[in-house]
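Fold and geometry: a report
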Amino acid sequence: MIGLISATAAGAVARDRLAAAWPDRTRVYDGPVGDAVRRAFAECEQLVCFLATGAVVRLVAPLLDGKTADPGVVCVDEGGRYAVSLLGGHAGGANDLAREVGAVLGAEPVVTTATDAVGIAGLDTLGLPVEGAVAAVSRALLDGEPVALRAEVAWPLPPLPVAEDGPYAIRVTDRAVEPAEREVLLRPPTLVVGVGASKGAPAEEVLGLIEETLREAGLSPRSVAELATVDAKAEEPGIVEAAARLGVPLVTYGAEELARVEVPNPSDAPLAAVGTPSVAEAAALLGGGELLVPKRKSSARPAMATCAVVRRPGRGRLAVVGLGPGARDLLTPRARAELERASVLVGLDQYVDQIRDLLRPGTRILESGLGAEEERARTAVAEAREGRAVALIGSGDAGVYAMASPALAEASDDIDVVGVPGVTAALAAGAILGAPLGHDHVSISLSDLHTPWEVIERRVRAAAEADIVVTFYNPRSRGRDWQLPKALAILAGHRAPATPVGVVRNASRPDESSRLTTLGALDPATVDMMTVVTVGNTATREIAGRMVTPRGYRWQEEPR
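This brings us to helix H16 (residues 425-433). Every buried residue belonging to H16 is among Ala 426, Ala 428, Ala 429, Gly 430 and Leu 433, and all of these are buried. Looking at the residues trailing H16, positive phi occurs at Gly 434, about 140°.

Turning to its location among the elements, Thr 549 is positioned in the loop between strand S28 (546-548) and helix H19 (554-557). Expressed as a C-alpha distance, the spacing of Thr 549 and Pro 436, which sit 113 residues apart in the sequence, is 4.9 Å. A distance of 2.8 Å separates a polar atom in the side chain of Thr 549 from a polar atom in the side chain of Thr 540.

Counting through the fold element by element, Thr 306 comes out in strand S15 (residues 305-311). Discounting chain neighbours no more than four positions away, the residues touching Thr 306 are Gly 194, Val 195, Gly 196, Leu 209, Ala 280, Lys 295, Arg 296 and Lys 297.

Let's shift gears to the pairing of strand S1 (residues 2-6). Of all the five residues making up S1, five are buried; the element is thus mostly covered by neighbouring parts of the structure. Residues Ile 2, Leu 4 and Ser 6 of S1 are buried on one face, and the alternating residues Gly 3 and Ile 5, pointing to the opposite face, are buried as well. Sheet analysis places S1 next to strand S3 (residues 46-50), joined by five bridges and oriented parallel. Opposite Gly 3, over in S3, you have Leu 47 as the bridge partner. Here S1 pairs with strand S2 (residues 26-28) via three bridges, running parallel. Note on S2: the bridge partner recorded for Leu 4 is Val 28. Where the polypeptide runs from S1 across helix H1 (residues 9-21) and back to S2, its parallel neighbour, the crossover connection is right-handed.

The residue Leu 51 is located in the loop between S3 and helix H3 (53-60) in this model. What makes Leu 51 buried here is its relative accessible area of 9%. Those residues within four positions of Leu 51 in sequence are excluded, and the remaining contacts are Ser 6, Ala 7, Val 33, Val 56, Leu 59, Cys 75 and Val 76.

Interhelical geometry of helix H7 (residues 203-217) versus helix H8 (residues 237-246) gives an angle of 50° and a closest axis separation of 8 Å. As far as their axial angle goes, H8 and H7 are oblique. Once H7 is placed against H8, the crossing between them reads as right-handed. Facing Ala 203, Glu 204, Val 206, Leu 207 and Ile 210 of H7, the residues of H8 in contact are Gly 238, Ile 239, Glu 241, Ala 242, Arg 245 and Leu 246. In terms of residue class, the contact of H7 with H8 is built from seven nonpolar, one polar and three charged.

Moving on, we get to the packing of H1 against helix H4 (residues 94-105). Relative orientation of the contacting elements H1 and H4 amounts to 100°, with a least axis distance of 10 Å. Between H1 and H4, the angle falls in the class roughly perpendicular. In this structure, H1 uses Ala 14, Arg 17, Leu 18 and Ala 21 to contact H4, whose residues at the interface are Val 101, Val 104 and Leu 105. Among the residues forming the contact of H1 with H4, the class breakdown is six nonpolar, no polar and one charged.

As a further point, take the pattern of salt bridges. Applying the stated criterion across every chain, the model contains 38 salt bridges. Between Arg 27 and Glu 43 there is a salt bridge; the shortest N-O distance is 3.5 Å. Of this pair, Arg 27 sits in strand S2 while Glu 43 is found in helix H2 (residues 33-43), placing the two residues 16 residues apart along the sequence. Here Arg 27 falls in the partly exposed class, since its relative accessible area comes to 35%. On the basis of relative accessible area, Glu 43 is assigned to the partly exposed category, the value being 46%. Of the charged contacts, one joins Glu 152 and Arg 171 as a salt bridge, the two residues approaching to 3.1 Å between their closest N and O atoms. With Glu 152 in the loop between strand S8 (147-151) and strand S9 (168-172) and Arg 171 in strand S9, this residue pair connects regions lying 19 residues apart in the sequence. Looking at Arg 171, the relative accessible area reads 13%, which means it is buried.

In this description, a pair of aromatic rings is defined by centroid distance and the angle of the planes. For the coordinates displayed, the defined rule picks out two aromatic pairs. Judged by centre distance (4.8 Å) and plane angle (55°), the rings of Tyr 401 and Tyr 473 are tilted. Within this pair, whereas Tyr 401 is found in the loop between strand S19 (389-394) and helix H15 (404-410), its partner Tyr 473 is found in strand S23 (residues 469-473), the two being separated by 72 residues in sequence. The class for Tyr 473 is buried, based on a relative accessible area of 11%. Judged by centre distance (5.0 Å) and plane angle (70°), the rings of Trp 453 and Trp 482 are edge-to-face. Here Trp 453 is found in helix H17 (residues 453-465), whereas its partner Trp 482 is found in the loop between S23 and helix H18 (483-492), with 29 residues between them in sequence. When its relative accessible area of 10% is taken as the criterion, Trp 453 is described as buried. Here Arg 25 stacks its cationic end above the ring of Trp 22, 4.2 Å away from the centre of that ring.

Reading the values: the criteria
- Residues numbered from 1 in each chain as written.
- Predicted model: local features only at pLDDT ≥ 70, side-chain atom pairs only at ≥ 80, totals over all residues.
- Heavy atoms only, no water.
- Buried < 20%, exposed > 50% of the residue type's maximum accessible area, 1.4 Å probe, protein only.
- Helix = DSSP H or I, 4+ residues; strand = E, 2+ residues; numbered from the N terminus.
- Polar contact = N/O pair within 3.5 Å; in protein donor to acceptor, adjacent residues only side chain to side chain.
- Contact = heavy atoms within 4.5 Å.
- Pairing = 2+ DSSP bridges.
- Right-handed = clockwise from strand over helix to strand, strands pointing away.
- Axes fitted to C-alpha atoms, helices over the stretch in contact; angles between N-to-C directions.
- Parallel < 35°, antiparallel > 145°, perpendicular 65-115°, else oblique.
- Left-handed = near helix turned anticlockwise from the far one by under 90°.
- Nonpolar A, V, L, I, M, F, W, Y, C, P; charged D, E, K, R; others polar.
- Salt bridge = Lys/Arg side-chain N within 4 Å of Asp/Glu carboxyl O.
- Phe/Tyr/Trp six-rings, centres within 6.5 Å; stacked < 30°, edge-to-face > 60°.
- Lys NZ or Arg CZ within 6 Å of the ring centre and 35° of its normal.

By themselves, these are just geometric observations and shouldn't be taken as functional.
Pasting the structure below:
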């Protein structure tokens, strides 16, 4: 919950705007400001104070306990101009909250955390348990000192400006080791503990077995991702409580599913009890991975619990990101976040140049020229399969005549894939022209590099016969100059010469140009590969210099 506190009428106006935007996330604290801050500080995870920063500093100073316990605090001036991350920038989430508040109120977020200021991912913001010399290693990263990354297990981390060796180190490990003096340990959730238990098994026995097993195997309980068992034990109190005390989810599987898993130590007892020859080993192994600890029983007599431990490899992550038509303000916040998250960026060189300044220090860039689409798709998937966080970029929307389809055709279910939509060239051109896509429309590429012309022609003819608005991508190049006249002739067989046509070149870019013409007047020689051509249907009109395709609303047909 986010506590909202204000002292004046002006502050209350901004406070109430935020409360209206986030009704389920916020709580307004009224009354004397000092009392309100004290109550909110004790009851909320975060605070937004519509007060001067100096006043908030004096109010919260006596309440501070430590960076891991204090709520995040954001200050907003009474004019709503700035949202200042004051306390708990990373641990309390105040940096992100300041950006969110800024987006709602139109305020400028002010974040002074050193790593955020220079674009380096904070070691305590990676979503992983962290131990060791966080401050010292973070300072070394900021100062450009060599920091080695030692990944004992693969995990898709964001980019970090690391070296092969150095006096400081970041170690990614699930082993139960202590950090060295200048070392940070990151604990990825790689371990799955399969658990079996007799009816009524005490939680102390289940938990004790798990902790003893991890300790003897030299594994960290902070890297346990989940407990796994059979559906029949989903509500077994001892297992449920053990998962709760470890702070991990309990995942269950059907007996038939577990029975199909090959295990080294099957048994008749669980087969008779729950219908599978293995619970602990099979449940741990079902998602794949390496069996680190085979099934073992608790030391109680009689033993009422069993467990096994599997290390699952970190799944690589492939984000297919659409950059939009070129203008920076048409790059979506989600796309920007994925660019910052990726440790490897794969893309066409000219697209990489568009967003190079947005990449975090340490991002590895794999760029190539025109015609290397297959190579880029395979490279991005291969990098993700190595357990890395990868962004594969394309202009417009990466799923429209871009890199998503070849990449996903190459990818299998051994990596996570995220699609980030972007503003397409057709949409950008449509917004410039007016509303040409107000009714049914289709986009057709006239490039026959990958698609036979016979197929393209059949699609153009179908759109012409169906009276659908058509946007032509890749309409004309120096070596391919006859396809556009041919496509326009097909449309002219079904539409009048006066049909509006919009021509937009370099939509949303500094040298953008656009014009309205007609199907009969369009000169194909004025079109190139940087142009999008939109041909209206029989209902499309030019109204006040804009291209408009009516939707056909009944009220538009009624007499006024």
